[in-house]
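The lines below spell out each chain.
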Amino acid sequence: MKVKRLLVLLLIVLKDAGPTTAQTCSSSCSATECSCWDMGLTSVPQDLPTTITRLDLRSNAITTLSQSDLSRYRNLQFLRITYNPLSIVNDGTFDNLISLTELRLGNRLSSIPSNMPITLTTLLLLGNGNGITSLGHSDLSRYRSLEILSFMSQQIFTIESGTFHHLTNLTSLSLFNNRLSSIPAEIFEPLGKLEVLSLAYNNLASLPADIFQGLGNLKRLFLGQNRLSSLPADIFEGLVNLDDLSLGGNLITSLPAGIFERLGNLVSLTLEGNPWQCDCNMRPFKQTLTEYHDFAYDIECAGPANLAGQRFLDVDSEDLICEIPASTTKHAASCSSVSDRIFWKNCIAIKFWKKANCRKMCKKCLKQCSKCSKKFRKVCPDQGTRQNTCLQEFRETCS
Ligand SMILES: *[C@@H]1O[C@H](CO)[C@@H](O)[C@H](O)[C@H]1NC(C)=O
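The structure displayed is predicted, hence computed values, not measured ones.

Colleague: What am I meant to see in the overall build of the protein chain here?
Modeller: The number of helices and strands found in the protein chain is eight helices and 17 strands. In the protein chain, which comprises 399 residues, the share counted as buried stands at 28%. A separation of at least 24 residues holds for 50% of the contacts in the protein chain among residues at least 6 apart in sequence.

What follows is the structure, given as structure tokens:
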């Protein structure tokens, strides 16, 4: 008897929590909003309240939009059709949507839909690795109310200069995860209100020196995961409000002196994942660092060989030198000019040098070096004082 009652109870519970097959988009609606994610919809339902201002159709199977799909929902302010295999947006689709301010579409569009409402303040065209390949200077010129604009994960590799020229109210621009290898010099200059700019995950190998000129309100700048190998010394000049800058995952080997000097509001700076060369090119930068620059902890030396793996902050300025040959052939070359004073400097570095074949190449050189090195240790027993005055003394003793 007890068991039977329990089973009945269980059945009721199961029925209540049961399959949602009966749920439709319209049953999820209030008078102002429909949230219809993940319902397998292949078109925009036509039985929704015409009073709705928000319609969320993310994660469905809609491939095409036409005028008849949306014309009855003329109060819409917010429309999201992301994570749909949407590839065709026909002319006239948005004709009746005179109040639309936020439009999020994706993810198989190969061009920017034409005739979107000029009332838009937010436009997100989310790709999934295929999609829009270029932005032309007239593609966006009508949408002057835009404040947030994102072309995430498209395939954009060219942007014509002037593309953002009229978007002076823009506060956030994302070109995250595209194929940009270069950017026109003055493209962002009119965007005086811009606060967030993402160029991360592109193929940028260099940036024009004045690319960020005019962006005095910029707070967050993402340049990570590109192919940048160097940065102009004054590239961040004028970004007085910047508080978050990421440069991680690039090919940067050294930084110009004082490059972060005027960024008085910087709170977060990401530098890791670059092949830093802790040589003479980094010395001026090191000398401008103060104890407040704790971001420099991120910098791990990838080279030269004798400093690989060391933290840049732990390396003395005097050890940031360029004479230490990077390759074995250079080692051999410098070993051959025994009389050269540089040779002795190299000898000191050679204690870190492990390449056996290179060792063989200048055995004689090493013999002298080790003789000299012994002497050096005698003259300068204290590791801590070896670097400066003692090094000088040692050179004179040995050469
Ligand atoms: C730009 O923003 C200002 C201030 O919010 C607003 O008054 C103006 O109408 C906006 N411009 C456009 C074209 O929407």
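The structure having been displayed, the exposition proceeds.
Colleague: Before we go on, may I ask you to explain the pairing of strand β4 (residues 78-86) in this structure?
Modeller: Every other side chain in a regular strand lies on the same face of the sheet, so the side chains alternate between the two faces. Bridge analysis of strand β2 (residues 54-56) against β4 gives three bridges, and the strand direction is parallel. By the bridge assignment, L55 is partnered in β4 with L79. Bridge analysis of β4 against strand β6 (residues 102-107) gives five bridges, and the strand direction is parallel. Note that in β6 the partner of L79 across the bridge is L103.

Colleague: Looking at this model, I keep getting lost on unusual backbone geometry. Mind explaining?
Modeller: Negative phi is the rule for most residues except glycine; trans is the rule for most peptide bonds. N107 follows G106 through a cis peptide bond whose omega is 10°. With respect to the element layout, N107 can be found in strand β6. At the junction of G303 and P304, the peptide bond is cis and its omega measures out at -10° in the coordinates. Residue placement: P304 occurs in the loop between β17 (301-303) and α4 (328-336).

Colleague: Would you take a moment to explain the pairing of strand β7 (residues 122-127) for this structure?
Modeller: Across six bridges, the pairing between β6 and β7 is parallel. Counted as the bridge partner of L103 is L123 from β7. Sheet topology note: the β7/strand β9 (residues 148-150) ladder contains three bridges and is parallel. Residue L123 lies in a different strand from β9, and its bridge partner there is L149.

Colleague: Sorry if this is basic, but what is going on with the sheet that holds β7 here?
Modeller: Within a sheet, neighbouring strands are paired by backbone hydrogen bonds and run either parallel or antiparallel to one another. Read from one edge to the other, the open sheet built from 11 strands follows the order β1-β2-β4-β6-β7-β9-β11-β12-β13-β14-β15, with strand pairing classed as parallel. The strands lining the two open edges of the sheet, one partner per strand, are β1 (33-35) and β15 (268-270). Taking the axes of each pair of neighbouring strands and ignoring which way they run, one obtains an average angle of 5° across the sheet.

Colleague: What exactly am I supposed to notice about the nonpolar core here?
Modeller: Within soluble globular proteins, side chains that are nonpolar tend to cluster in buried spots. Core analysis: the biggest nonpolar cluster contains 68 residues, and L167, L170, L194 and L218 have the highest contact counts within it. When neighbours within four sequence positions are excluded, L170 is seen to be in contact with L146, E147, L149, F164, L191, K193 and L194.

Colleague: What is the right way to read the confidence of the model for the protein chain from this model?
Modeller: Detailed reading of the predicted model is not advised wherever pLDDT is low. When pLDDT is averaged across the protein chain, the result is 82; 74% of the residues are at 70 or more. Counting interchain partners and residues more than four positions distant, the pLDDT-below-50 stretch residues 6-22 has zero contacts. Contacts from residues 324-345, a stretch scored under 50 in pLDDT, to residues over four places away or in other chains number 36 contacts.

Colleague: Where do I start with the environment of V315 in this structure?
Modeller: Within the secondary structure layout, V315 lies in the loop between β17 and α4. Take V315: there are 18 C-beta atoms within 10 Å of it, and that puts it in the partly exposed class. Separated by 29 residues in the primary sequence, V315 and K286 place their C-alpha atoms 9.5 Å from one another. Non-local contacts of V315, meaning those with residues more than four positions away in its chain, are made with C278, C301, L307, Q310 and L320.

Analysis parameters
Residues numbered from 1 in each chain as written. Predicted model: local features only at pLDDT ≥ 70, side-chain atom pairs only at ≥ 80, totals over all residues. Helix = DSSP H or I, 4+ residues; strand = E, 2+ residues; numbered from the N terminus. Buried ≥ 20, exposed ≤ 12 C-beta atoms within 10 Å, placed from the backbone. Contact = placed C-beta atoms within 7 Å. Pairing = 2+ DSSP bridges. Axes fitted to C-alpha atoms, helices over the stretch in contact; angles between N-to-C directions. Core = buried A, V, L, I, M, F, W, Y, C linked by C-beta atoms within 7 Å. pLDDT = per-residue confidence, 0-100.

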